[in-house]
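Listed here are the chains, written in short residue letters.
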Amino acid sequence: MLATATDVLNGSAPPLRLMLDEESTGVLEGNHNGVRAFIWGQVFDEDRRALSPEALCQRVATGAGISGLRGHYALVLVDGNGARVRIVSDRFVTRRLYYTLVQGEVWVSDSISCLRRALPDSPSIAPQAVLDYLFFHMVPSPDTIYEGIYALAPAEVAEVKAGRLERYRHWKPIFTADTHADEQAQAGLLFSTLEAAVTDTLDETPTGCFLSGGLDSSSIAGLVARKRPGVPVFSIGFPLEQYNELDYARCAVERFGLTGHEYCMYPEDVVEALPTIIDSMDQPFGNSSVLPTYFCARLAKSHGVDRLIAGDGGDELFAGNVRYSKQLQMDRWRQRLGPLVPLLAGGLLNSQVPSRPAILRKGKSFVRQLRMSVTENLEYFNFLNLIDRRSVFAEALLGSLDLKEPERRCQRLYDELPQADTLDRMLYMDWKHTLADNDLVKVSSACRLANIEVAYPMLDDGLVDLSLCLPARLKLTPNNLRHLYKVAMSDFLPQRIINKPKHGFGLPFGLWTQNHPELRAQAHAALDGLKAYNLFQPRFLDEVKRLHQHEHAKHYGELVWVLMVLSLWLDRNQQ
């Protein structure tokens, strides 16, 4: 086990400097036959045998490679007497590492802040990362908010030889759907595979579960309860009916005999906790549900729990998002209308046909979407697609921006799996942007701040492999998201939970900010303070405040949150 915050390996060769944040725990080190390994998390071989650092070194030394590794891990491998350094992530980056090159040395850390503090010169904010952040509400890997500092992407190897950096994937999903797969047989296999994955997360560590009352968290809590009756579960509620899901969580508690713990959040909680959340961020992160996730993890810690089991991944493996269904429906319309689409576009979009009444406005929107690619459709309601982007960013920044790079980034992901069908390609995009770069960052960082471990059984390799073999027709039907998953859980979960609308730990920030004076003052002060950084046009920031207060509080509240977080983060990191 490493005991120091900074470790220079072997002094001269290999050219690697490994730096750990003071709160880093559980990093294992091994050395065998000229190979040195550092492991975060757990790594297994193809037969699911756990690999110690020494066993991993032996595997690498004998040429077995890393392509068959399984588990939730991050690795640093040094071999050939320092001739090669490899930084490796698992399929979904459940453990994240950051790296940079400094005068021929590879500097690696599990914290951007740790890297930044150690650098001889403070790194600059990357202009393109600001645009990406506003588009995605996070900075997609392998980029970070800083020039020259990188984050591991899913299933990625960042390899450095002779001072040169190369990135490549050690795993890429291959969707090999069995078109004749039997529904009931596959549902039974899904249930047993998930049950095994949940069981694998249990040891002597005091363990509880996140419980939102949705499909995944309820399934996992119920499966844990089979092994540990009365397992503690933790739920967050809100005083606004449209956001509060505690009744669903209570339904699961009653069904499985769980020990339920609840916390109801109020605007004052946001005011109190936001500085702590911002201080913990390595880079700006705009998913507002990080706050309820943190309060949930903090609640668990206060009840003696040291590990939480999370349900992230189910929607992306088994097609649980409404946008998948809407996009497949749009595809069917494209096929039906075929050559009529250009005629419709010419008749509606290139004429003076008014946008009122509402039916004509919706007709125009429908035709626009028919002409778009899948990836463009998925981002149709993105804030940056509703306005002229040149009106958003400061003139001094525009020359450094590729305004359409976010769309190209999405398209590149979609194009990586040309043989897969539309649904599976959308799922693959979300594995990267929704899971690895967003939800897992949210949950892992909130749990780390609360000093609690987190496990992700939905991302078990066996369950992922099963999802790759399922035909799209079983994952999603025209009238039923997550069709096969619901079949698998039909005799296990209460029907009320199976049929509930999707929500999760969403935060009613937009509504609260409109009506709570202190929170509104905090948000508006942050947007005004953002003007000093010369990243955005001042009139854009003023317009965001106006739209939030007078047009649509819930919709524009998300944009207020994203900008506020950026402003507060800059205040703490760019002094």
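Not measured: the values here are computed from a predicted model.

Draft legend 1. Here's a closer look at the sheet that holds strand S12 (residues 207–210). The sheet built from 5 strands is open, its strands ordered S14-S13-S12-S15-S16 with parallel pairing. Each edge of the open sheet is held by one strand with a lone partner, namely strand S14 (259–264) and strand S16 (453–455). Looking at each pair of strands side by side, their axes are set apart by 30° on average, direction ignored.

Draft legend 2. Structural detail: helix H5 (residues 215–227). A rise of 1.5 Å per residue sets the reference length of H5, with its 13 residues, at 18 Å; its end C-alpha atoms lie 19 Å apart and thus fit the reference within 8%. Here H5 has its buried residues at Leu215, Asp216, Ser217, Ser218, Ser219, Ile220, Ala221, Gly222, Leu223, Val224 and Ala225.

Draft legend 3. Region of interest: the packing of aromatic side chains. Scanning all chains against the criterion turns up 20 aromatic pairs. Ring geometry for Phe191 against Phe492: centres 5.3 Å apart, planes inclined by 80°, an arrangement best described as edge-to-face. On the criterion of sequence distance, the pair formed by Phe191 in helix H4 (residues 183–200) and Phe492 in the loop between helix H19 (483–488) and helix H20 (495–498) is long-range, its members being 301 residues apart. Each member of the pair, Phe191 as well as Phe492, is classed as buried. Geometrically, the ring pair formed by Phe318 and Tyr485 is tilted, given 5.9 Å between the ring centres and 40° between the ring planes. You can see Phe318 sitting in helix H9 (residues 314–318) and its partner Tyr485 sitting in helix H19, a full 167 residues away along the chain.

Draft legend 4. The arrangement of the pairing of S14 in detail. With 6 bridges connecting them, strand S13 (residues 232–237) and S14 associate as parallel partners. Each bridged residue has a counterpart across the sheet, and for Ile236 the counterpart in S14 is Tyr263. For the crossover from S13 across helix H6 (residues 246–256) to S14, the handedness is right-handed.

Draft legend 5. Region of the structure containing helix H23 (residues 538–550). In this model H23 runs 18 Å from its N-terminal to its C-terminal C-alpha over 13 residues, within 8% of the 18 Å that 1.5 Å per residue would give. Among the residues making up H23, those that are buried are Phe540, Leu541, Val544, Lys545, Leu547, His548 and Gln549. Tucked into the core, H23 has its buried residues touching helix H21 (509–515), helix H22 (517–530) and helix H24 (553–573).

Draft legend 6. Quick peek at the side chain of Gln283. As for its position among the elements, Gln283 is in the loop between helix H7 (267–280) and helix H8 (290–302). What makes Gln283 buried here is its relative accessible area of 13%. Setting aside its immediate chain neighbours within four residues, Gln283 contacts Tyr98, Ile112, Val139, Thr144, Ile145 and Trp569.

Draft legend 7. Quick peek at empty space enclosed by the protein. Going through the model one piece at a time under the given rule, you end up with 2 cavities of 30 Å³ or more. Each pocket or cavity is described by its volume, and for the largest cavity that value is around 90 Å³. As for the largest cavity, its lining consists of Arg91, Phe92, Pro154, Ala155, Arg169, Trp171, Lys172, Pro173, Leu413, Tyr428, Trp431 and Lys432. Looking at the lining of the largest cavity element by element, the count peaks at 3 residues for helix H16 (residues 422–449). Its residues assigned to classes, the lining of the largest cavity shows 8 nonpolar, no polar and 4 charged.

Calculation criteria
- Residues numbered from 1 in each chain as written.
- Predicted model: local features only at pLDDT ≥ 70, side-chain atom pairs only at ≥ 80, totals over all residues.
- Heavy atoms only, no water.
- Pairing = 2+ DSSP bridges.
- Helix = DSSP H or I, 4+ residues; strand = E, 2+ residues; numbered from the N terminus.
- Axes fitted to C-alpha atoms, helices over the stretch in contact; angles between N-to-C directions.
- Expected span 1.5 Å × (residues − 1).
- Buried < 20%, exposed > 50% of the residue type's maximum accessible area, 1.4 Å probe, protein only.
- Phe/Tyr/Trp six-rings, centres within 6.5 Å; stacked < 30°, edge-to-face > 60°.
- Right-handed = clockwise from strand over helix to strand, strands pointing away.
- Contact = heavy atoms within 4.5 Å.
- 1 Å grid on protein atoms, 1.4 Å probe; cavity = no way out; pocket = protein on both sides within 12 Å on 5 of 7 lines; lining within 4 Å.
- Points joined across faces, edges and corners; volume = space filled by probe spheres on them.
- Nonpolar A, V, L, I, M, F, W, Y, C, P; charged D, E, K, R; others polar.

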